Amino acid sequence: MMLDFKEELAKLVSSKFDSLKKEDILELIEIPPQEDMGDYALPCFKLAKLFRKAPNLIAEEITESIGNNQYFASINNVGAYVNFFVNREVMARTVLEEILDKKEEYGSANLGKGQNVVIDYSSPNIAKPFHVGHLRSTVIGNSLYKIYEFLGYNCIGINHLGDWGTQFGKMIAAYKKWGNDEEIRQEPIQTLLKLYVKFHEEAEKNPELENEGREWFKRLEDGDQEAERLWKWFVDLSLQEFNKIYDLLKIKFDYNTGESFYNDKMEEVVRLLKEKKLLKKSQGAYVVDLEDYDMPPCLILKSDGATLYPTRDITAAIYRKKTFNFVKALYVTDYSQSLHFAQWMKVIELMGYDWADQLEHIPFGRVSSEEGALQTRKGNVILLKDLLNKSIEKVRKIIEENNPELDNKDEVAKKVGIGAVIFNDLSNSKIKDIVFNWDRMLSFDGETGPYVQYTHARATSVLEKATYRVEKIKDYSLLTEEEAVNMIKLLQQFPEIVIKAMERNEPSFITRHIIDIAQAFNKFYHEYPILVDDREVQQARLLLVYGVKTVLKTGLALLGIEAPDKM
RNA sequence: GCGCCUGUAGCUCAGCUGGAUAGAGCAACGGACUUCUAAUCCGUAGGCCAGAGGUUCGAAUCCUCUCAGGCGCGCCA
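We now turn to the structure provided with this report. It should be emphasised that the depicted structure is a prediction, and the values quoted were computed from it without experimental measurement.

What counts, and where the lines are drawn
Residues numbered from 1 in each chain as written. Chains lettered and ligands numbered in written order. Predicted model: local features only at pLDDT ≥ 70, side-chain atom pairs only at ≥ 80, totals over all residues. Heavy atoms only, no water. Helix = DSSP H or I, 4+ residues; strand = E, 2+ residues; numbered from the N terminus. Buried < 20%, exposed > 50% of the residue type's maximum accessible area, 1.4 Å probe, protein only. Polar contact = N/O pair within 3.5 Å; in protein donor to acceptor, adjacent residues only side chain to side chain. Contact = heavy atoms within 4.5 Å. Salt bridge = Lys/Arg side-chain N within 4 Å of Asp/Glu carboxyl O. Near = heavy atom within 4 Å. Nonpolar A, V, L, I, M, F, W, Y, C, P; charged D, E, K, R; others polar.

1. Remarks on the side chain of Asn83
Position of Asn83 relative to the elements: it lies in strand E3 (residues 81-86). The buried category is assigned to Asn83, whose relative accessible area is 5%. Engagement of the side chain of Asn83 in a polar contact is seen with the backbone oxygen of Met37, the distance being 3.1 Å. Not counting residues up to four positions away in its chain, the partners in contact with Asn83 are Met37, Tyr40, Ala41, Ser74, Ile75, Asn76 and Val78.

This is the structure in structure tokens:
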């Protein structure tokens, strides 16, 4: 385990005062806003009651009581704060040697050893195009998968495809009327979507069509051979299209079990709900009353006896608990579904399942355009395919301008172009809405994916050109410039940032942190030559560069982004 | 009408389990490539933290109300 300065600080202070417990100190420690105030600070305001003294006097007393110490170079007090300056050489050695030792595993942990986490993400609707709105669930879920895995959990990624419902009856009806196999094979999703839209247009004029759609769905549910064959065909075609995108994004799922997977499992759940006397007839439908919990009722069965969305989610949760025995099940969807999740999760609790608190909805903000909502039917959607291609294309142009000698330009352009899109999506708090804007999307300057990737490539390039090997060094006082210390501090914080990202299910913590690291590196890079003649100095700086390169690569990987060595 | 979320620089956002002088990036302006990748770096300018009360030694952060925007509130998923 790496040396933890906070821990040492708490131990140190608590050892001097009987009334202070290590844990309490740990709670109080913070990082000062300015560097000249130290690396850690202990504000003493809250100790005033305990000591019955003014905070600044307490701070003074604590400061005086601590003498020389191997981990802290100096300790002083300013007002009510005790400021700690870590011994920079000790910090540099611990952090950099740890990275050298663990390499890309630096920051990983076994917090979740032997524990399963189910993550439900992406989940696009069959026969609908994959647009920028779907990207969010996909990349957030994928990143959470990587983060949990990095911390030792065993993850199960599920793509809960929208592959069931009345719309498939309509689709089949539309196909029977106007479908053209050849056209569908060439442009499956576009063509299916066109059929779907046409169906709705025609249905306006001729309401009889709606009945035909319902009729086909009924046949599908009853296992009619033709209906099933067509449905399966639509699903396969869509999945093939989706897989092209997933391949591009390098995203995989452990299961592609869509909504239809639970068709034959819901009856049992409805029976259970009845047995537990939770089901109540209301306006013809069956619901679970949630008035005691200040929520509207949870609809379980329609008046015609058909199941609903919550029924399926409850069934899926029970199935997944049985199958994977998860300690956590995450559902990554946009926040418009928050109430829905709160409702059915409450039903799980009311059913007596003590694991209800292991279910968690991970909501994120919605994507819209400057003109308003993105709607498939309105035709103002931005297809993810188009976005990725545009991004890759732009990167390709920049490479041609900046680095025409580069070897595999297309491959690099792909990594950077896609990285830019993913990074952009994961750079703000996930709850914030996004108004899609091409210029913003395709900007590669400043706090962007390409910036971090570029920094990584720069670092890699220096290491390649180095005269000496990267290895442990003797004299860490060679790394005490302000710019170097900043970098080392950030590298040191990386492991706790990863844990925070997991605790809050917030990949943007990692995005932000690797931007900080990249900024600190670029500043140092500009200020100090690395490949200097002096062997000792060069090796010290190389070790630092190696640390940055490694952590940037790991951080990007946790976001689901590749880090090319050259760009 | 009720509930949830959001409101910080011109724009996009950090900071929100209270702590020291509110930070970045973009855009604007001015600088730095004979030197390890200028997709970079440095500097200038830009703020009544939506508004009003309250709690506190201390509030962008906690509480109450108001305003603005988004989302949701029974047979879609």
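Right, picking up where we left off after that structure.
2. Focus: the environment of Asn243
Along the chain, the position of Asn243 falls in helix H11 (residues 225-249). Sequence spacing of Asn243 and Met37 is 206 residues, and the spatial spacing of their C-alpha atoms is 52 Å.

3. Structural notes on the side chain of Thr311
Following the sequence through the fold, Thr311 ends up in helix H13 (residues 309-324). Engagement of the side chain of Thr311 in a polar contact is seen with the backbone oxygen of Ile300, the distance being 2.6 Å. In this structure Thr311 touches Met266, Val270, Leu299 and Ile300, once residues within four positions along its chain are discounted.

4. Observations concerning the pattern of salt bridges
On inspection of all chains with the given rule, the structure shows 33 salt bridges. Notably, a salt bridge pairs Asp425 with Arg136, separated by 2.8 Å at the nearest N-O pair. Within this pair, whereas Asp425 is found in helix H16 (residues 409-425), its partner Arg136 is found in helix H6 (residues 132-150), the two being separated by 289 residues in sequence. Residues joined by salt bridges that share partners form a network here, namely Arg396, Glu400, Lys409 and Asp410.

5. Describing the protein's contact with RNA strand B
Contacts to RNA strand B come from 59 residues, most closely from Tyr81, Gln283, Lys302, Ser429 and Tyr454. The sugar and phosphate moieties of RNA strand B supply 58% of its atoms located within 4 Å of the protein. At a separation of 2.2 Å, a base nitrogen of RNA strand B approaches a polar backbone atom of Gln283. Here a sugar or linking oxygen of RNA strand B sits 3.4 Å away from a polar atom, N or O, in the side chain of Asp433. Broken down by element, the residue count for the surface near RNA strand B peaks at 8 residues, all from helix H18 (residues 449-465). For the surface near RNA strand B, a count of residues per class yields 31 nonpolar, 13 polar and 15 charged.

All quantities given are derived from atomic positions and should not be read as evidence of function.
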